[in-house]
Amino acid sequence: MLDYVSVFKTQKSEFEVNIWYGKNKHYNISNFETLNEAFILGRTLSDKLNLDLLDATEKGNSKWL
């Protein structure tokens, strides 16, 4: 069962979109150079799959959207 979608910033200053499942397992969907592109995909996936979206782009300050 799928849990949620997350968008976060990698150490390489890219933005990654993941789908989380099984409490601590995830599948990387895609990487983007811009935050806007990552959030477009993240929001689309969360809407289509009826999952929550987590903004984890700022380390230590994650927010549910």
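Provided above is the structure to which this section pertains.
Note that this is a predicted model, so its numbers are computed, not measured.

(A) Main features of a nonpolar patch on the surface. Side chains of L2, Y21, Y27, I29 and L49 sit close together on the surface and give an oily, nonpolar patch of about 450 Å² of accessible area. Turning to its location among the elements, I29 is positioned in strand β3 (residues 25-32). Judged by relative accessible area, which is 34%, I29 ranks as partly exposed.

(B) Up close: the environment of F8. Position of F8 relative to the elements: it lies in strand β1 (residues 2-9). On the accessibility criterion, F8 (24% relative accessible area) is partly exposed. Along the chain, F8 and L54 lie 46 residues apart, while their C-alpha atoms are 8.5 Å from each other. Not counting residues within four places of it along the chain, the set of residues in contact with F8 comprises E14, F15, E16, N18, A56 and T57.

(C) Here's a closer look at unusual backbone geometry. A positive phi is found at S13, a non-glycine position, where the angle reads about 60°. Position of S13 among the secondary structure elements: in the loop between β1 and β2 (15-21). Residue S13 is classed as partly exposed on the basis of its relative accessible area of 45%. The phi torsion at N50 lies on the positive side, around 55°, for a residue other than glycine. Considering the arrangement of structural elements, one finds N50 in the loop between α1 (35-49) and β4 (52-56). Using a relative accessible area of 71% as the deciding quantity, one classes N50 as exposed.

(D) Just α1, in detail. Here α1 is 15 residues long and its end C-alpha atoms lie 21 Å apart, about the 21 Å a rise of 1.5 Å per residue gives. Along α1, the residues classified as buried are A38, F39, G42, L45 and S46. Down the axis of α1, the buried side of the element spans an arc of 130°, and every buried residue falls inside it. Facing away from the buried side of α1 by more than 90 degrees, the exposed set consists of N36, D47 and K48. Of the surrounding elements, those touching the buried residues of α1 are β1, β2, β3 and β4. Just downstream of α1 lies N50, where phi reads positive at about 55°.

Cut-off values and rules
Residues numbered from 1 in each chain as written. Predicted model: local features only at pLDDT ≥ 70, side-chain atom pairs only at ≥ 80, totals over all residues. Heavy atoms only, no water. Patch = residues over 30% accessible without salt bridge, like charges linked within 9 Å, V, L, I, M, F, W, Y side chains within 5 Å. Areas by Shrake-Rupley, 256 points an atom, 1.4 Å probe, with all protein chains shown as cover. Salt bridge = Lys/Arg side-chain N within 4 Å of Asp/Glu carboxyl O. Helix = DSSP H or I, 4+ residues; strand = E, 2+ residues; numbered from the N terminus. Buried < 20%, exposed > 50% of the residue type's maximum accessible area, 1.4 Å probe, protein only. Contact = heavy atoms within 4.5 Å. Expected span 1.5 Å × (residues − 1). Arc of directions from axis to C-beta.

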